[in-house]
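Survey of secondary and tertiary structure
Here is how the chains run, residue by residue.
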Protein chains: 2
Amino acid sequence: MGRVIADQTITADGYSAGLNQTEEQPFGEDGGDGWGDRLHAWMFDNPEENRAEIAQLHSAKAVIMGRNMFGPVRGDWDRPWNGWWGDNPPFHSSVFVLTHHPRDPQPMEGGTTYYFVTDGIESALAQAREAAGDGDVSIHGGASTINQYLAAGLIDELRLHIVPYTIGAGVRIFDGVPPLNLEQVASRAASAVTHVTYRVLS
Amino acid sequence: MGRVIADQTITADGYSAGLNQTEEQPFGEDGGDGWGDRLHAWMFDNPEENRAEIAQLHSAKAVIMGRNMFGPVRGDWDRPWNGWWGDNPPFHSSVFVLTHHPRDPQPMEGGTTYYFVTDGIESALAQAREAAGDGDVSIHGGASTINQYLAAGLIDELRLHIVPYTIGAGVRIFDGVPPLNLEQVASRAASAVTHVTYRVLS
């Protein structure tokens, strides 16, 4: 059976998104300084330098994400929304979206299909494991979804990418999660990001 | 003029101390698992591997610390207390302790003298700069003191040592500090800690 991996880019103060997400500002209000774009700049500005971490990000055979990561639509699916990633999303696998509002599966180009799971995180994980076979499952975020899986003891490995600024408010990794023992299994500095991988021991 | 440096060991979730500090548990309640000792284990268990960071920690020519870092005594200085570090503290310099309660300077062995500053963080910094001459001033902690200096825009460089566990509650670095732009000037992985140095840009 594959591992359950969570992968998240966070600010130096632990946030993976600010407050008040909208379609225009998917990472929340940024006060006009575009910090949401800066969060993932390490991938786009320096792809060669961060090749290993980017490859890991896309190595999972199934993906789970929260409703907020999937999109800004709240409540019923009352307008068309197929994720932030266009017609050919980078997942190329089954993506299980946690939501309280039922919706039929949405096939996309390139092998991605979005499934909408309304009966909780454990059900989503069981479905993702089934889809992944022997491969890994990625809890792709956001931080509040990762925190739910951490609190439930369901994550084997946590990969953090720490970028050099703080935002002071928003959705924070580990927030509300009981104390965890971790093992630092890898840590690597790139020019504008520090990558740290933890095994979750308990 | 020297730089103003803050240096702090934090958990993966950003805490440098738990809640309810006492003389028996200087890093706060640990639920019996001794996490306070684990926080600084990287210095004591692997001094060779972390030689550079330990040397930096002791390179400042004057030190500022908060009342809680100095000791568990609250309110008036109504019982003898000369810090956690014995008769010959590792500072070998002037140490300015932030407090609301006046007390005469306390000379120790080895060149350390504790001065008690009752008129605020800027006064403490002015006195520490005077004492340091051309050398650096270290804001030694705890996190709530560092956060006050960060919020006031008075720190040039922040050195974090991130250790692999979380505690979920306590005193957290960056808590309540407005958003900061940082530059990652150094980052290095040791076997059970990741060292990251940031220059504070704004």
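Because the structure is predicted, anything quoted here is derived from the model rather than measured.

Overview of the overall build of chain A
Within chain A, the regular secondary structure consists of six helices and eleven strands. Compactness check: chain A gives a C-alpha radius of gyration of 16 Å against a globular reference of 17 Å for 202 residues, within 12% of the reference. Each principal axis of the C-alpha distribution contributes one length, and for chain A these read about 40 × 40 × 35 Å. Burial status across chain A gives 43% buried among its 202 residues. Once local pairs closer than 6 in sequence are excluded, the contacts in chain A between residues at least 24 apart make up 66%.

Observations concerning the interface of chain A and chain B
Each partner contributes to the interface: chain A provides 24 residues, whereas chain B provides 24 residues. Mapped onto the side of chain A that touches chain B, the elements with two or more residues apiece are strand S10 (182-189) and strand S11 (194-200) of chain A. Considered class by class, the residues forming the side of chain A that touches chain B number 14 nonpolar, seven polar and three charged.

Focus: the relation of the copies chain A and chain B
For the pair chain A and chain B, the best superposition has an RMSD of 0.0 Å and corresponds to a rotation of 180° with a translation of 0.0 Å parallel to the axis. Overall, the copies show the geometry of a two-fold rotation axis. Of the C-alpha atoms belonging to chain A, the one lying closest to the rotation axis is found on A:Arg188, 3.5 Å away. In this assembly, 100% of the residues forming the interface of chain A have copies in chain B that are likewise at the interface, indicating an isologous arrangement.

Regarding the confidence of the model for chain A
Of all residues in chain A, 96% have pLDDT values of 70 or greater, and the mean over the chain is 92. Two summary scores accompany this predicted model of the complex, namely pTM at 0.91 and ipTM at 0.89.

About the thresholds
Residues numbered from 1 in each chain as written. Chains lettered and ligands numbered in written order. Predicted model: local features only at pLDDT ≥ 70, side-chain atom pairs only at ≥ 80, totals over all residues. Helix = DSSP H or I, 4+ residues; strand = E, 2+ residues; numbered from the N terminus. Rg over C-alpha atoms; globule rule 2.2 N^0.38 Å. Buried ≥ 20, exposed ≤ 12 C-beta atoms within 10 Å, placed from the backbone. Contact = placed C-beta atoms within 7 Å. Nonpolar A, V, L, I, M, F, W, Y, C, P; charged D, E, K, R; others polar. Least-squares fit on C-alpha atoms with pLDDT ≥ 70 in both. pLDDT = per-residue confidence, 0-100.

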